[in-house]
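# A closer look at the structure
Residues per chain, in single letters:
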Amino acid sequence: MQTVIIGSGNVAYHLAKAFVLNTIPLAQIFGRNEEDLKEISEELNIPYSTDKLEDADLYIICVSDGSVENVSKLITKKNCLVAHTSGSLPKEILEGEYRKSSFYPLQTFSKSKELDYKKIPFFIETENEFDKRVLFEIATKISENVMESSHEKRKYIHLTAVFACNFVNHLFSRAKEISDSQQIPFDYFLPLIDETVQKIHEIEPKSAQTGPAVRNDVRVLQLHEQLLQGESLEIYKTMNHSIKKMYEL
Ligand SMILES: NC(=O)c1ccc[n+]([C@@H]2O[C@H](COP(=O)([O-])OP(=O)(O)OC[C@H]3O[C@@H](n4cnc5c(N)ncnc54)[C@H](OP(=O)(O)O)[C@@H]3O)[C@@H](O)[C@H]2O)c1
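Residues numbered from 1 in each chain as written. Predicted model: local features only at pLDDT ≥ 70, side-chain atom pairs only at ≥ 80, totals over all residues. Heavy atoms only, no water.

### Focus: the nonpolar core
Among the nonpolar cores identified, the biggest contains 31 residues, and Ile5, Phe19 and Phe103 are the most heavily contacted of them. Listed by contribution, the elements that provide at least two residues to this core are helix 1 (10-21), helix 2 (34-44), strand 4 (58-61), strand 5 (81-84), strand 7 (122-125) and helix 4 (129-142). In this structure, Phe30, Val71, Ile75 and Tyr98 belong to the second largest nonpolar core, which totals 16 residues. (Core = buried A, V, L, I, M, F, W, Y, C linked by side-chain atoms within 4.5 Å. Buried < 20%, exposed > 50% of the residue type's maximum accessible area, 1.4 Å probe, protein only. Helix = DSSP H or I, 4+ residues; strand = E, 2+ residues; numbered from the N terminus.)

Here it is in structure tokens:
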């Protein structure tokens, strides 16, 4: 089975690495960013190209969501399977006469951070049983957690991930702005952050909520508002409003 990964960003890199670590053959990594492709190619020992797409049975498109449709048009072969890795796009976004699918890994990928691929949930959607078996065979070599999912369900999986990961990480960035502004080392907060995440392995998030908003501690809330300005103040007010609504305070 000849497989080509298209793209050279975070997902392309990790997927290529997962293939190599699990001895799944990769024919090529293809894209437009020669510097990034070269780096991946040298680290993982996979051929790369920016102009000649290798003939393959499977193409996995790992480019920005806004470019998936255009990039999919580069694949002119008819008798092949093409997958994208987006959480929100339907498989029908792919523009070609090939078989279409989705191969969505539910994780946050950054090139500089190593990952345990075995724990990543993969969500697969295909047009037929044969393609489902092909993608399941690959994904189960990489991960212990592979599932089928319709686009309808995947949209909500991705939306949940935005709240559970992207927004939470943004709050870490805002929190660090505050600690940096007072020369307080952000390292102090790492045990707190770790415990917050560990706790929800055992307790429902709603039951795990602490802090001034859920205690309806008006004096503390007012004090914090005086210390803040700009975007962080807006976020502070919105979050407290949401907490109070959830707990009917
Ligand atoms: N990152 C995550 O945590 C994550 C998790 C699950 C799924 N996904 C999905 O995986 C896909 C890739 O995400 P990513 O995080 O890997 O993105 P990324 O790190 O931003 O990389 C995007 C890649 O797409 C390439 N690209 C963009 N427009 C292009 C075009 N018109 N022609 C050719 N190449 C183009 C970029 O090339 P340049 O370097 O030249 O711009 C880069 O290689 C997306 O569909 C995303 O939703 C991401």
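### A short note on the UniProt feature "domain: DUF2520" (unreviewed entry) in the protein
UniProt marks residues 120-242 with the feature "domain: DUF2520" (unreviewed entry), using the numbering shown here. The distance separating the terminal C-alpha atoms of residues 120-242 is 30 Å; by composition the span is 67% helix and 6% strand. (UniProt positions renumbered as here; feature names shortened; annotations may be inferred.)

### Some words on the domain arrangement of the protein
As far as domains go, the protein holds domain 1 (3-149) and domain 2 (154-246). The C-alpha centroid of domain 2 is placed 34 Å from the C-alpha centroid of domain 1. Of the roughly 740 Å² buried between domain 1 and domain 2, counting both surfaces, carbon and sulfur atoms make up 54%. Three residues stand out in domain 1 for area buried against domain 2, namely Gly87, Ser88 and Tyr104, and they jointly supply 47% of the buried area on that side. Seen at the junction of domain 1 and domain 2, the total is one salt bridge. The residue Glu125 makes a salt bridge to Arg154 at a minimum N-O spacing of 3.0 Å. At the junction of domain 1 with domain 2, the criterion picks out six residue pairs in polar contact (both at pLDDT 80 or more). At the level of elements, strand 6 (99-105) and strand 7 are the ones that each hand at least two residues to the side of domain 1 that touches domain 2. Its residues placed into classes, the side of domain 1 that touches domain 2 shows five nonpolar, seven polar and two charged. (Domains from an automatic or database assignment. Buried area = accessible area lost by both parts, 1.4 Å probe. Salt bridge = Lys/Arg side-chain N within 4 Å of Asp/Glu carboxyl O. Polar contact = N/O pair within 3.5 Å; in protein donor to acceptor, adjacent residues only side chain to side chain. Nonpolar A, V, L, I, M, F, W, Y, C, P; charged D, E, K, R; others polar.)

### Quick notes on the sheet that holds strand 4
Within the open sheet, the eight strands sit side by side as 3-2-1-4-5-6-7-8. Their pairing is mixed. Of all the strands in the sheet, the pair left with one neighbour each is strand 3 (48-49) and strand 8 (146-148). Pairing of strand 2 (residues 28-30) with strand 3, which is carried by two bridges, proceeds in the parallel orientation. Bridging from a neighbouring strand, Ile29 pairs with Tyr48 of strand 3. (Pairing = 2+ DSSP bridges.)

### Remarks on unusual backbone geometry
Not every positive phi belongs to a glycine, and Gln183 is a case in point at roughly 50°. Structurally, Gln183 can be placed in the loop between helix 5 (151-181) and helix 6 (190-199). Its relative accessible area of 68% is what places Gln183 among the exposed residues.

### Description of the pairing of strand 5
Residues of strand 5 alternate between two faces, with Leu81 and Ala83 on one and Val82 and His84 on the opposite face, all of them buried. In this structure, strand 4 lies alongside strand 5, joined through four bridges in parallel fashion. Pairing of Ile61 across the sheet is with His84, part of strand 5. Bridge analysis of strand 5 against strand 6 gives four bridges, and the strand direction is parallel. Note that in strand 6 the partner of Ala83 across the bridge is Ser101.

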